[in-house]
Amino acid sequence: MMQRLHRIAARPSFALPIFSLAAMAAAGSGCASRRAGEPADLIVFNGKVVTMNPEKPEAQAVAVRGGTIAAVGTDAEVLALAGDATRRLDARGGMVLPGLIDAHGHIASLGEQIANLDLRGVDSVAEIARRVRERAAGLQPGEWVTGGGWDQNLWPGEQFPDHRPLTQASPDRPVWLSRIDGHAMWANRKAMQLAGITRNTPDPVGGSIERDAKGEPTGIFIDNAADLVGKVVPPASRERLKSWITLALQRCAQAGLTEVHDAGVSAEQVAAFKELADAGQLPLRVYLMWSGMGMGSAEALDKALAEPPLINYKDRVTLRSVKLMIDGAMGSRGAVFFADYDDDKGNRGLFVMDPKAIEEYTHVALKRGYQVNTHAIGDRGIRLTLDAYEKALAANPSPDPRPRIEHLQCIAKDDVPRLKSLGVIASMQPSHATSDMYWADERVGAERGQGLYAWRWVIDSGAMIAAGSDFPVDPERPLVGIHSALTRQDLKHWPETGWHPDQKMTLDETLRAYTVNAAYAGYEEKVKGRLAPGYWADLTVLAKDLRAIPPPEIPDTGVAYTIVGGAIAHEAR
Ligand SMILES: [Zn+2]
């Protein structure tokens, strides 16, 4: 997903931030101030502890001292480390996991959506218009109605809307609403007027302006066309941006997440994250990807990456990665395929970035020691990304590049072995499958459809899946994603045997995708993703043992505690 709600990602200003380079080796850094033998700060006991550590896969209790794990073992062994000041948390038989990671989310977008109009799940245009009218009435002069989450697939007819309902609801105030996947935007007439959009405005490269039979813009802007209006939306202030980040990370902590990989940040966002970290106000860890496309050129990217990666700044912020995008999304028929969409003849999708640019940007990132993560969804988009990686990797023999493909939603079977051979991590979002299954087969047909969200193909080929949600596209709750991965069913248990059930993941594979694998995808596997002495004290404590309950109960399993660096970021009340 792209961030289209605001200018923050789409139009970043790349005044280069000066990093104070705390590029310390991350391993064990948090425990320097405390000595072994002192009492534990915090102990979680009476749990079903799944450690992801092959030397000791299961335990009952975990002790924390100075931000890292001091011991993992039986209740008796670990409680022996308690002193008078030790905080003891009774897990009450619930599952204790290495702190869950969302390997692909959009933090500021989620916060903006929570703070403004959250249209996820709204099943009629009339209701959206009602909420727009209500919101418009409460804003200051000059403020735009922004927000997102609308999805025409939930409405009768499943057609894209036009500007008229929004224009009627808000004739004088601009309205600018993101589709659920961030790949289409919906404007009212006022927003189009302010942006100077007319019937004569041409479609930009990698984008399209939807037009009616007479050639007039309807109010829907696909992919790169969104910049035409997005550039006139007033940018958020630093303080507002920080409030959105804070709101979003509170939600994430409640959901049991201890870390989020943010898939595309601007310089302004990086500055906001660092200020929050400086003030001790980041409850979770964040692994940030520069929005490479927002840089505008490979030269601009090269300049921005002249600063070495930022690693574990203030024990919270890492910036060592670049997000690229080759194509759009399937929901708005922008994902790039070799053949036409089955439900839209003549359309094979949109290149958001030129495939040659993907190679050039990858080249620059690898040369500068940064990881590359490319959004690629259609079979052709995925193949061309693999081709670009192959060439750039050959030209830049980097010792540990760990390139990623984000989403990987419809891969051609022939390309699957290339993931392992090129060392490409598949960064996939289990709940995308169960959100898209109502229409995805119609888009691509039966043959290509075998490669839809093909988790089994990826895992059985020996490649690695790092799991995420792409929030706010799908809920930030990993328990929802875990349910999707195991069942390929929605929350009403449809379809009965699961959608393309041969692609289901096991619980062990799914938990690995949210812990060890996601940690590896962020170069943190030596300090995160396992519960073992010396690792960061990041834990997710669930109210139940997921191995002991039927999958339909998983989404509503409570999160008892979310612990980050030994500090409690969320506690069930
Ligand atoms: Zn995304």
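Residues numbered from 1 in each chain as written. Predicted model: local features only at pLDDT ≥ 70, side-chain atom pairs only at ≥ 80, totals over all residues. Heavy atoms only, no water.

Chemist: What am I meant to see in the overall build of the protein here?
Modeler: Scanning the protein from N- to C-terminus turns up 19 helices and 25 strands. For a compact globule of 573 residues, the expected C-alpha radius of gyration is about 25 Å, and the protein comes in at 23 Å, within 12% of that figure. For the protein, the C-alpha atoms occupy an extent of roughly 80 × 55 × 50 Å along the three principal directions. For the protein, the proportion of its 573 residues judged to be buried stands at 61%. Nonlocal contacts in the protein, meaning residues at least 24 apart in sequence, comprise 74% of its contacts between residues at least 6 apart. (Helix = DSSP H or I, 4+ residues; strand = E, 2+ residues; numbered from the N terminus. Rg over C-alpha atoms; globule rule 2.2 N^0.38 Å. Buried < 20%, exposed > 50% of the residue type's maximum accessible area, 1.4 Å probe, protein only. Contact = heavy atoms within 4.5 Å.)

Chemist: Help me understand helix H9 (residues 267–278), please; the structure alone is not making it clear to me.
Modeler: In an α-helix, one turn spans 3.6 residues; hence positions three or four apart end up facing the same way. Counted at 1.5 Å a residue, the expected span for H9 with its 12 residues is 16 Å, and the 16 Å between its end C-alpha atoms agrees. In terms of burial, H9 is largely enclosed, as nine of its 12 residues are buried. For H9, the full list of buried residues reads Ala-267, Gln-269, Val-270, Ala-271, Ala-272, Phe-273, Lys-274, Leu-276 and Ala-277. (Expected span 1.5 Å × (residues − 1).)

Chemist: I would appreciate a short explanation of the nonpolar core in the present structure.
Modeler: A general feature of soluble globular proteins is that nonpolar side chains tend to end up buried together. Ile-107, Leu-282, Trp-290, Met-330, Leu-408, Ile-482 and Leu-546 are the most contacted members of the largest nonpolar core, which has 107 residues in total. By residue number, the principal contributor to this core is helix H8 (residues 238–254), which donates seven residues. Ignoring anything within four residues of it in the chain, the contact list for Leu-408 reads Ala-376, Ile-382, Leu-419, Ala-426, Met-428 and Val-458. Counting residues in each nonpolar core, the second largest holds 20 residues, with Leu-89, Ala-532, Val-541 and Ile-563 among its members. (Core = buried A, V, L, I, M, F, W, Y, C linked by side-chain atoms within 4.5 Å.)

Chemist: Could you clarify how one ought to interpret the sheet that holds strand E24 (residues 559–564) in this entry?
Modeler: Hydrogen bonding along the main chain pairs the strands of a sheet, whether they run parallel or antiparallel. Taking strand neighbours across the sheet as the criterion, the six strands line up as E3-E2-E7-E23-E24-E25 in an open arrangement whose pairing is mixed. Either end of the sheet is taken by a strand with one partner, and the two such strands are strand E3 (58–59) and strand E25 (567–571). Bridge count between strand E2 (residues 48–50) and E3: two bridges; the pairing is antiparallel. Counterpart to Val-50 in the pairing with E3 is Glu-58. (Pairing = 2+ DSSP bridges.)

Chemist: Help me understand the pattern of salt bridges, please; the structure alone is not making it clear to me.
Modeler: Oppositely charged side chains can pair when the atoms bearing their charge come close. Across all of its chains, the model carries 40 salt bridges by this definition. Arg-456 serves as the salt-bridge partner of Asp-460, at 3.0 Å between the closest nitrogen and oxygen. Here Arg-456 and Asp-460 lie together in helix H16 (residues 455–460), a separation of four residues that amounts to about one turn. Look at Asp-460 and you get exposed, because its relative accessible area is 56%. What makes Arg-456 buried here is its relative accessible area of 16%. What emerges from the salt-bridge pattern is a single network uniting Arg-238, Glu-239, Lys-242, Glu-268 and Glu-275. (Salt bridge = Lys/Arg side-chain N within 4 Å of Asp/Glu carboxyl O.)

Chemist: Looking at this structure, I do not really get the layout of surface pockets. What am I missing?
Modeler: Once rolled over the atoms, a probe with the size of a water molecule shows which space is left empty. The computed volume of the largest pocket comes to approximately 910 Å³. Taken together, 39 residues line the largest pocket, and the ones lying closest to its centre are Ser-431, Thr-434, Ser-435, Val-473 and Asp-474. Secondary-structure elements contributing two or more residues to the lining of the largest pocket are helix H14 (430–436) and helix H17 (478–487). A total of five residues in the lining of the largest pocket trace back to one element, the largest contributor, which is H14. Looking at the lining of the largest pocket residue by residue, the class counts come to 13 nonpolar, 15 polar and 11 charged. (1 Å grid on protein atoms, 1.4 Å probe; cavity = no way out; pocket = protein on both sides within 12 Å on 5 of 7 lines; lining within 4 Å. Points joined across faces, edges and corners; volume = space filled by probe spheres on them. Nonpolar A, V, L, I, M, F, W, Y, C, P; charged D, E, K, R; others polar.)

Chemist: In this structure, what is going on with unusual backbone geometry? I would like to understand it.
Modeler: The general pattern is negative phi for most residues beyond glycine and trans for most peptide bonds. Following Phe-471, the chain continues into Pro-472 via a peptide bond in cis, with omega recorded as 10°. Along the polypeptide, Pro-472 turns up in the loop between strand E22 (465–467) and H17. That bond from Trp-494 to Pro-495 is cis: its omega, -10°, falls within 30 degrees of zero. Residue position: Pro-495 is located in the loop between H17 and helix H18 (507–514). Positive phi, normally seen in glycine, also occurs at Asp-223, with a value near 45°. Looking at where Asp-223 falls in the secondary structure, it is placed in strand E14 (residues 217–223). On the basis of relative accessible area, Asp-223 is assigned to the buried category, the value being 0%.

Chemist: What am I meant to see in the pairing of strand E11 (residues 175–179) here?
Modeler: Moving residue by residue along a regular strand, the side chains alternate between the two faces of the sheet. With five of its five residues buried, E11 lies for the most part within the structure. Taking the sense of rotation as the criterion, the β-α-β connection linking strand E10 (residues 145–150), helix H5 (residues 164–169) and E11 turns out right-handed. Direction of pairing for E11 relative to strand E12 (residues 184–187): antiparallel, over a ladder of three bridges. Of the residues in E12, the one forming a bridge with Ser-178 is Met-185. Remark: four residues form the turn of the hairpin made by E11 and E12, two consecutive strands paired antiparallel; Gly-182 in that turn has positive phi of roughly 75°. (Right-handed = clockwise from strand over helix to strand, strands pointing away.)

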